Amino acid sequence: MLDQVQTHRLTGTIDGVSFSEADVIGVSYQNQCSQKNVLVGSVYIGTLKFTLLRDLLNRGDYFQKEIVIYDGLLLGYDENEEPIWEDIPIGKFYVSEALWTAAGIDITAYDVLSKLDKPLNISETSSTIYGFCQYIAGETDTVFGMTQEECEALPNGGELIAPYEEANFETFRDLLSALAQMVGGFAYAAKDGTWKLKSFDD
């Protein structure tokens, strides 16, 4: 009766350097769907915040470094009484701020969709949703996580489309939002660090 129902652990890496729950406090994660309503055309950016209790990198080396974080669940023990963990990926994030405080280093990081907040200068052109997504990924140094066949299976996925002059897309994120509207859904960051589109009918 006194045993814990579930036992969790937090692990991760920052720029390939490992850390555990003993190295961090105040971990909070807000995903893309934390609001009450997910709107058509949403391109929500996930935010990860925590305080590092010790310096894992050189002081000036944190900016834009990749963080991979896992929530581990204890499944049981093997025949040697060694714990068996399932480490479930929360996602990949990129450091935006690292502030040194009395408590430690306050880290704020955002997922891959934050990389799409780059100025967009697109000329008159036309392509499919897959073609535009490949263009966005190439220009923002990110990875689009869907195949051409998966894109064509989405609503309007096989249509040839073109931005209209009044659209006034200022960033690649604006363009992705328009593509998400075309499929009747939203864009999201997958746990493997890629980004994808999902239709509300799926």
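Enquirer: It is not clear to me how the packing of aromatic side chains should be interpreted in this structure. Could you clarify?
Expert: Here a ring pair, both rings aromatic, is described through the centre-centre distance and the interplanar angle of the planes. By the definition in use, this model includes eight aromatic pairs. A centroid spacing of 6.3 Å and a plane angle of 55° characterise the contact between Tyr-130 and Phe-144, whose relative ring orientation is tilted. Remark: Phe-144 occurs in the loop between helix H1 (129–140) and helix H2 (148–152) and Tyr-130 occurs in helix H1; sequence separation between them is 14 residues. When its relative accessible area of 8% is taken as the criterion, Phe-144 is described as buried. Relative to Phe-200, the ring of Phe-186 lies with its centre 5.4 Å away and its plane at 50°, an arrangement referred to as tilted.

Enquirer: Explain the side chain of Ser-42 to me, please; I cannot follow it from the model alone.
Expert: Here Ser-42 shows up in the loop between strand S3 (24–30) and strand S4 (47–52). For Ser-42, a relative accessible area of 6% translates into the label buried. Within the local environment of Ser-42, its side chain forms a polar contact with the backbone oxygen of Leu-39, the two atoms lying 2.4 Å apart. Setting aside anything within four residues of it in sequence, one finds Ser-42 in contact with Gly-185, Phe-186 and Ala-187.

Enquirer: Just checking my understanding: could you explain the state of the cysteines for this structure?
Expert: Chemically, a disulfide is nothing more than a covalent bond linking the sulfur atoms of two cysteines. What the rule picks out here adds up to zero disulfides. Just so you know, Cys-133 is unpaired, no disulfide at all, and the nearest cysteine sulfur is the one on Cys-151, 5.3 Å from it.

Enquirer: It is not clear to me how the side chain of Thr-142 should be interpreted in this structure. Could you clarify?
Expert: Relative to the helices and strands, Thr-142 is located in the loop between H1 and H2. At 2.9 Å, the side chain of Thr-142 forms a polar contact with the side chain of Thr-140. Within the structure, Thr-142 has its side chain in polar contact with the side chain of Trp-195 (distance 2.9 Å). Apart from residues no more than four positions distant in its own chain, Thr-142 is found in contact with Val-112, Lys-115, Leu-116, Ile-136, Ala-137 and Trp-195.

Enquirer: Even after reading the chapter, I still don't get the nonpolar core, so can you show me in this structure?
Expert: Generally speaking, a soluble globular protein has its nonpolar side chains buried in company with each other. Counting 30 residues, the largest nonpolar core has Leu-113, Ile-136, Leu-176, Leu-179, Trp-195 and Leu-197 as its most contacted members. Counting residues per element, this core draws most heavily on helix H3 (residues 172–182), at six residues. If sequence neighbours within four positions are ignored, Leu-197 has contacts with Ile-129, Cys-133, Phe-144, Met-146, Leu-154, Leu-176, Ala-180, Phe-186, Ala-187 and Tyr-188.

Enquirer: Just to check I follow, could you spell out H1 for this structure?
Expert: Working note: α-helix, 3.6 residues per turn, so residues spaced by three or four point in the same direction. Over its twelve residues, H1 extends 17 Å from the first C-alpha to the last, a length consistent with the 16 Å expected when each residue adds 1.5 Å. Residues of H1 that are buried make contact with H3 and strand S9 (195–199). One or two residues past the end of H1 sits Asp-141, with phi positive at roughly 55°.

Enquirer: Sorry if this is basic, but what is going on with the sheet that holds S4 here?
Expert: Adjacent strands of a sheet pair through backbone hydrogen bonds, lying either parallel or antiparallel. Strand order in the open sheet formed by seven strands is S2-S1-S5-S6-S7-S4-S3, and the pairing between neighbours is antiparallel. Since the sheet does not close on itself, it has two edges, and those belong to strand S2 (17–20) and S3, each with one partner. Strand-to-strand twist of the sheet, defined as the mean angle between neighbouring strand axes without regard to direction, takes the value 30°. In terms of strand pairing, strand S5 (residues 66–77) meets strand S6 (residues 83–100) through eleven bridges, oriented antiparallel. Within the sheet, the bridge partner assigned to Leu-74 lies in S6 and is Trp-85.

Enquirer: I would appreciate a short explanation of the packing of H1 against H3 in the present structure.
Expert: Helix packing geometry: the angle between the two helix axes and the distance between the axes. The contact between H1 and H3 brings their axes to 11 Å, and the two run at 160°. Taken as axis vectors, H1 and H3 run roughly antiparallel relative to one another. Along this stretch, H1 crosses H3, giving a crossing that reads as left-handed. Here Ile-129, Phe-132, Cys-133, Tyr-135, Ile-136, Glu-139 and Thr-140 of H1 lie close against H3, whose contacting residues are Phe-172, Leu-175, Leu-176, Leu-179 and Met-182. Residues belonging to the contact of H1 with H3 are distributed by class as follows: ten nonpolar, one polar and one charged.

Calculation rules
Residues numbered from 1 in each chain as written. Predicted model: local features only at pLDDT ≥ 70, side-chain atom pairs only at ≥ 80, totals over all residues. Heavy atoms only, no water. Phe/Tyr/Trp six-rings, centres within 6.5 Å; stacked < 30°, edge-to-face > 60°. Helix = DSSP H or I, 4+ residues; strand = E, 2+ residues; numbered from the N terminus. Buried < 20%, exposed > 50% of the residue type's maximum accessible area, 1.4 Å probe, protein only. Polar contact = N/O pair within 3.5 Å; in protein donor to acceptor, adjacent residues only side chain to side chain. Contact = heavy atoms within 4.5 Å. Disulfide = S-S within 2.5 Å. Core = buried A, V, L, I, M, F, W, Y, C linked by side-chain atoms within 4.5 Å. Expected span 1.5 Å × (residues − 1). Pairing = 2+ DSSP bridges. Axes fitted to C-alpha atoms, helices over the stretch in contact; angles between N-to-C directions. Parallel < 35°, antiparallel > 145°, perpendicular 65-115°, else oblique. Left-handed = near helix turned anticlockwise from the far one by under 90°. Nonpolar A, V, L, I, M, F, W, Y, C, P; charged D, E, K, R; others polar.

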